[in-house]
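Chain and residue survey
Each chain is listed here by its residues.
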Amino acid sequence: MHFQYIPYLWVLIASAVVTAVLGVYAGRQRDVPGAVPFTVLMTAATAWALANALENAGVDLPTKLFWANVQYVSYVPISTAWLLLALQYEGRRPWLMRGTLRVALLLMVPLLVAALAWTNDLHELLRRNVYLDTAGPFPLIGKTYGPAFWVHIAYNYTLFGTTAFLFIRAQRHALPLYRGQALVLLVSLVLPLVSSALYAFDLTPISGQDVTPAVFSLCGLAVTWGLFRYRLFDLVPVARTTVVESMDDGVIVLDTRNRIVDINPAARSILSQQDTGRHPLPSIGDQANKVFEGWADLLRLAQNPTLACIESVVENGDRSRIYELRSSPLADDHPRSEAKRDQRGHPIGQVITVRDITQRRHTEAMLLQQQEHLAVMRDRERLARELHDGLAQDLAGLRMRMGVWHKLIETDLPRLRTELDTVRGLLSQNIREVRRTIYALRPLALDEMGFFAALRQFVRDLSEQTQLPIDLRVVGPQERLPERFELVIFRIIQEALYNVCKHAQAREVCIELDLRVKDRVTLIVHDDGQGFDPAILDEAVSGGHLGLIQMRGRVQDLSGQFALTSRPGQGTEIKVTLPTASDRGG
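Parameters and conventions
Residues numbered from 1 in each chain as written. Predicted model: local features only at pLDDT ≥ 70, side-chain atom pairs only at ≥ 80, totals over all residues. Heavy atoms only, no water. Helix = DSSP H or I, 4+ residues; strand = E, 2+ residues; numbered from the N terminus. Buried < 20%, exposed > 50% of the residue type's maximum accessible area, 1.4 Å probe, protein only. Phe/Tyr/Trp six-rings, centres within 6.5 Å; stacked < 30°, edge-to-face > 60°. Expected span 1.5 Å × (residues − 1). Salt bridge = Lys/Arg side-chain N within 4 Å of Asp/Glu carboxyl O.

Now for unusual backbone geometry. Of all residues except glycine, most have a negative phi; of all peptide bonds, most are trans. You will see that Asn 129, though not glycine, has its phi angle at about 50°, which is positive. Phi at Gln 505 is positive, roughly 55°, even though this residue is not glycine. Looking at the element boundaries, Gln 505 is found in the loop between helix 19 (483-504) and strand 9 (509-514). On the basis of relative accessibility, which here comes to 63%, the residue Gln 505 falls in the exposed class.

A complete count under the given rule lists 12 aromatic pairs for this structure. Measuring from ring centre to ring centre gives 5.0 Å for Tyr 72 and Tyr 75, while their planes differ by 70°; the resulting arrangement is edge-to-face. Here Tyr 75 and Tyr 72 lie together in helix 3 (residues 61-75), a separation of three residues that amounts to about one turn. With respect to class, Tyr 72 is no different from Tyr 75; both count as buried. The interplanar angle of 80° and the centroid separation of 5.9 Å between the aromatic rings of Tyr 145 and Trp 150 together place this pair among those described as edge-to-face.

The end-to-end C-alpha separation of helix 3 is 21 Å, in line with the 21 Å expected for 15 residues at 1.5 Å each. Regarding helix 3, the residues found buried are Thr 63, Lys 64, Leu 65, Trp 67, Ala 68, Asn 69, Gln 71, Tyr 72, Ser 74 and Tyr 75.

Tallying each qualifying case throughout the model produces 10 salt bridges. For the salt bridge of Asp 255 with Arg 259, the shortest nitrogen-to-oxygen distance reads 2.8 Å. You can call Asp 255 buried: its relative accessible area is 13%. Using a relative accessible area of 32% as the deciding quantity, one classes Arg 259 as partly exposed.

Printed below as a string of structure tokens:
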């Protein structure tokens, strides 16, 4: 092989260097969609530029033909790599993941043309009448194209046309955040495509000279600019249509200046329903302060993302909707230069999601009503059993004793007086039980006196009836709690004190209601009675401690925590913690 120096070589070498550097860069990010076909494309472009340089530097026909045939080998993956890059950019990975057969079929024609180039002397299907053309500034291969060349051109231009269509469609339908990416890729495709077409139809400034390898350097520069300007391999809109655009939840992306940089159709729809002023639909670039001005909670979250989550009730005519608003910060975890490495994690915006939870809240309310209904049924069953086992049996016993009293009137008055004293004590006890039962059915004092006054009245009355010292301490602001929380706390204190009076043989009971922490209530009931082993709670239930199970069930219904601590001879402590955040204000 013989070569000569020509200035045009430097252009080709520069193009090869640029494409090689880009290929190495993309190869290091092969996990990113599109990086692998781009690496193959840049590798093939590098080989094409070097082979074209050696062809142009050759001084004899065999040298030029050899490197021309090498270029046909480098052509093989180029059109296919462009198509695969476009498909991955659009998120059509399932099309590519169904096996390598489709990719192999795409490569069949380029491989066949490369084989025809190396065996052209046998059939002349690719080039005919080959000679060394020395009419120009440096020798070129003179030839007439055979039918295989035009098949090669038609096939590759079909793939290039399909690729261009995909990039044009992506550029037209993409959000502004991604349009620059698609435009860079489209320009990078069109430049070598136009140059190749000029060469194929002999329209180049130097007849017979293919400048497409040199044009690839311009393509490389465009992609390089795209890498730094649009972060080509950092932000790829893979399957965005199926992930974000079709979400039922609204998604709004704000930058650090509270401008909308991305918004999906669900968010536009939700915001349009809340906009009574009939402003235009929110779009990219709008200020959040203006778009959210009709929705105070959303505006507050946008201005103060540290709130993280807000539950917002929106009245819309006769209907009300409940939305869960969440804010998540966006941070720059990939600074583009060493000088900015210390800015890793620097906030660049926030993502706000808007979820309609109206149906969920209605379902929770229905479940709560059902649970309360079951609790009422359980209470009625328990009260019916207590009336049957207590009052009903005592009354039946009194009726039987009346027959004895008739006889004692005439025969033994002192004994009759004793009997009547016993009956009077028994009746007093039953009256107290009846009053307790009526009070348990519906604590009217909660509505008449208020929660805290009713609680103090109940504790005072029970202490006087049982002669048991009960210390009630309320810590924190005494503001009204949500209605169902007041009822549950009142019932738990009732049940706990009744259990102490019946079973604990306590000398003193201490009740502490802690309201110091916002959106949380803590109740502690402690007695110094005989206690029991919580490990044998089933036996305690059979022995009359059924109320413990009911207390725990009521607490769990309200997503609270129930803890029981007890040891034989060391008393019992019940601790209940109820979260009231979602119900504060009744």
